[in-house]
Amino acid sequence: MTLNTSISKDYSEIDKINDKSYEYRHDNPSLSLSYAQEALKLSEEKNYEIGKANSHLNSGFYYLNKGEHNLSIENFLNALYICKDVHYDSGIAEAKYNLGVLNFRLGNYDIALTQINESLTIRKDLHENKFLGKCYYQMAVIQYQLQDFEGALKATKKAMRFETQFDHLSGIAAIVILEGRIYTDMELFKEAEICLKEGYQRRLDLKEKIGIASIIFYLIELWMKQNLFEKAKEEMELHGHVFDEIEFPYGLAQSKQLQARIAMQMGDNDQVMRYLGESLLIAEKHQLREQISRAYLLYADYFEKNNQLELSLEYFKKYHQTKVENNEAQSEKILENIRLNNDIEYARKKADILRNANQQLIGANQVISEMNQNLKSSISYAKRIQEAVFPDQSSITQFFPKHLLIHKPKDIVSGDFIWIKNILNSKYVAVADCTGHGVPGAMLSMYANNVLSKCKFAPDSKPAEILDYIRTNFVADLISESVTLKDGMDIALIKIQGYELTFSGAYRPIYILRQKELIEIRGDRQPVGQFLKMRAFTNVSFHLKPGDQVVMFTDGISDQMGGVKNKKLKVSGLKEWLLEIGSKPIEIQQMLLEQKLMDWQGDNELTDDQLFFSFTVH
């Protein structure tokens, strides 16, 4: 579907080629790209701007599904530039929609929602109602990812109204499938199965092979969530051939990993190794960095479950290394383009000024820019290393499906960190604040994380013993006879076994929100590090109940300057906020707390690194 139907006969052939590219987007991506490139060449020869824009949009879609985000964003931005130049509002709306989808894939949910909303507004102004359904659908997808299930379902109803009105069969199928995924996560399994099976039949009728393959993933996830591993295996055996029939290596590698997960749950070690090996082979052949990384993580999980800890550690290292390499390969260009998304005109005018400037001035600016860029790149690289080592949102969700996480470094990298470990039937969680912030704090946080990860855990290991162990290492490694180093960290460390919580803290408390009550459990008044009167850390036990919310945070939150009188928030202020929002769903709490922090801070800079973590007990 092209953005515009050309009146000129000179352009009609280009429009037809772009239409073919759009038609083959899902079922034959390589052919779609070939048509897009052909249309672009002809459009450039005939100076047909709308044809160029359509070609870039189709090419961008191809690279988006291949996971080549830098090429995808380059094509989408080119389309946006062209449509802005020729004042083609409908094309601007389409480009912004695609950029929203891309930012969603990259995890930039705020940017994605903004761009989808901008696209929706333009479409409404132009009375292009046939495009509203897909905008509402994408908004529902983002809300689902943010675990706002009620908001997502409301958006699907709006999407369904428009997609049904215009008989968009593929869009209707997508909405039904999304509702199935939402019901799965809400554990409304009967409703989920009805939706997913209806979606499967619709995709089958439309002969959308990639869509069919996706539903198989969702159905298998539904069975696995109910511990119906035999049924999941049967589903994969019945439909696994679909992945071999489509030109979609990413999906094929993912399907092998899914088969490995099923085999892992069923204790079939030979099949686990077979499927992981096949997945890695496909991913490496097609240079699918994300799937290579995921395969390494599954290997690490498998070896850990089989008590082959050295092999597990080896693959965890490979996983983290590939994650860092992926970021290094793509993040700079992606981040640069994302910053340009919402201010394209400014960027282009700036480029024109630079091109026309005096050459000597350009040379001087380039030297300064390179120096700043080198410094910024070094710190940004350190940030990527931190992100690779510390748990991300997806890994935290595996342990705590209902959680709230706010992490704001003062200076790109952070001295605050969160650490999670699962040992047998126990979960360990630490929220720590190392001395300082910026690069020094970040270096200390990496060291502290490493010490924590090297702890020899036994089934009866308690938080106080772990803090004693960490302090011994801090003092031994960081203090010498000639140097008295006061570096260390404040930390809250908990162990959860069933509903039994054990806590030990170094200058940090934890809170338990129970209905309208806030229970404070205080830690020891000493840091992890050199201290005048060092004594053994103590444990505090607490019996949790379903619905309790455990809160852990660093003092960057309570020390933040702001408010009407420009003073510290203080612990008392934070407690008031928590009691005010504590009765709401945790995903709503996230938005409310972020807004309160933003309003309190106002125009002030961050006083310190900020880290806040909370989760609901099930």
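Our subject is the structure that appears above.
Scoring rules and cut-offs
- Residues numbered from 1 in each chain as written.
- Predicted model: local features only at pLDDT ≥ 70, side-chain atom pairs only at ≥ 80, totals over all residues.
- Heavy atoms only, no water.
- Helix = DSSP H or I, 4+ residues; strand = E, 2+ residues; numbered from the N terminus.
- Buried < 20%, exposed > 50% of the residue type's maximum accessible area, 1.4 Å probe, protein only.
- Contact = heavy atoms within 4.5 Å.
- Areas by Shrake-Rupley, 256 points an atom, 1.4 Å probe, with all protein chains shown as cover.
- Salt bridge = Lys/Arg side-chain N within 4 Å of Asp/Glu carboxyl O.
- Pairing = 2+ DSSP bridges.
- Axes fitted to C-alpha atoms, helices over the stretch in contact; angles between N-to-C directions.
- Core = buried A, V, L, I, M, F, W, Y, C linked by side-chain atoms within 4.5 Å.
- Phe/Tyr/Trp six-rings, centres within 6.5 Å; stacked < 30°, edge-to-face > 60°.
- Lys NZ or Arg CZ within 6 Å of the ring centre and 35° of its normal.

Looking only at helices and strands, the protein features 25 helices and 13 strands. Counting the 618 residues in the protein, one finds 48% classified as buried. Put simply, 65% of the contacts in the protein that link residues at least 6 apart link residues at least 24 apart. Of the accessible surface of the protein, which amounts to about 31,000 Å², a share of 51% is contributed by carbon and sulfur atoms.

Counted according to the given criterion, the structure contains 20 salt bridges. With a shortest N-O distance of 3.1 Å, lysine 157 and glutamate 179 are connected by a salt bridge. You can see lysine 157 sitting in helix α8 (residues 149–165) and its partner glutamate 179 sitting in helix α9 (residues 169–185), a full 22 residues away along the chain. The exposure class assigned to glutamate 179 is buried, which follows from its relative accessible area of 8%. Here the salt bridges share partners, and the residues they tie into one network are Glu94, Arg123, Glu128 and Lys134.

Here we take up the pairing of strand β4 (residues 488–497). Within β4, nine of the ten residues are buried, which leaves the element mostly enclosed by the surrounding structure. Pairing geometry for strand β3 (residues 426–434) and β4, over nine bridges, is antiparallel. Across the sheet, the residue bridging to valine 431 is alanine 492, located in β4. Note: β4 against strand β8 (residues 528–529), two bridges, orientation antiparallel.

Tracing the chain through its elements places leucine 518 in strand β7 (residues 517–521). Sequence separation between leucine 518 and leucine 578 is 60 residues; the distance between their C-alpha atoms is 8.2 Å. Apart from the residues lying within four places of it in its own chain, the contact partners of leucine 518 are Tyr511, Ile512, Leu513, Lys575, Leu578 and Leu579.

Okay, the sheet that holds strand β1 (residues 403–408) next. Spatial ordering of the open sheet is given by β1-β13-β10-β6-β7, a layout of five strands whose pairing is antiparallel. Two strands bound the open sheet, and with one partner strand each, they are β1 and β7. Direction aside, neighbouring strands of the sheet carry axes that sit 15° apart on average. Here strand β6 (residues 510–514) runs beside β7; their pairing, made up of five bridges, is antiparallel. From the neighbouring strand, leucine 513 faces β7, where its bridge partner is leucine 518. Contacting β1, β10 (549–553) and β13 (610–616), helix α25 (residues 586–601) crosses the sheet at an angle of about 25° to β1.

Another aspect to go through is the nonpolar core. Membership of the largest hydrophobic core comes to 69 residues, with the highest contact counts inside it found for Tyr136, Ile182, Ile220 and Met224. Counting residues per element, this core draws most heavily on helix α11 (residues 209–225), at nine residues. By size, the runner-up hydrophobic cluster in this structure holds 26 residues, among which are Leu444, Tyr447, Phe457 and Leu467.

Now for the packing of aromatic side chains. Taken as a whole and assessed by the stated rule, the structure comprises 16 aromatic pairs. Ring centres of tryptophan 577 and tryptophan 600 lie 6.3 Å apart, and the angle between their planes is 75°; on these two criteria the pair is classed as edge-to-face. One end of the pair, tryptophan 577, is in helix α24 (residues 570–581); the other, tryptophan 600, is in helix α25, with 23 residues separating them in the sequence. Since its relative accessible area comes to 11%, tryptophan 577 is described here as buried. For tryptophan 600, a relative accessible area of 23% corresponds to the partly exposed category. Between phenylalanine 613 and phenylalanine 615, the aromatic rings sit 5.8 Å apart at their centres with planes inclined by 40°, giving tilted as the arrangement. The structure contains a cluster of three or more aromatic residues connected by ring pairs, namely Tyr296, Tyr299, Tyr302, Phe303 and Tyr315. The ring of tyrosine 97 is capped by lysine 134, whose NZ or CZ atom sits 4.5 Å from the centre of that ring. Above the plane of the ring of tryptophan 223 lies lysine 231, whose end atom (NZ or CZ) is 4.0 Å from the centre.

Once that is clear, we can look at the side chain of serine 55. Within the secondary structure, serine 55 is located in helix α3 (residues 49–66). For serine 55, a relative accessible area of 1% gives the class buried.

In this section: unusual backbone geometry. Of note, asparagine 47 is a non-glycine position whose phi angle comes to about 55°, a positive value. In this structure, asparagine 47 sits in the loop between α2 (29–46) and α3. The class of asparagine 47 is exposed, set by a relative accessible area of 51%. Positive phi outside glycine occurs at aspartate 167, with the angle close to 55°. Turning to its location among the elements, aspartate 167 is positioned in the loop between α8 and α9.

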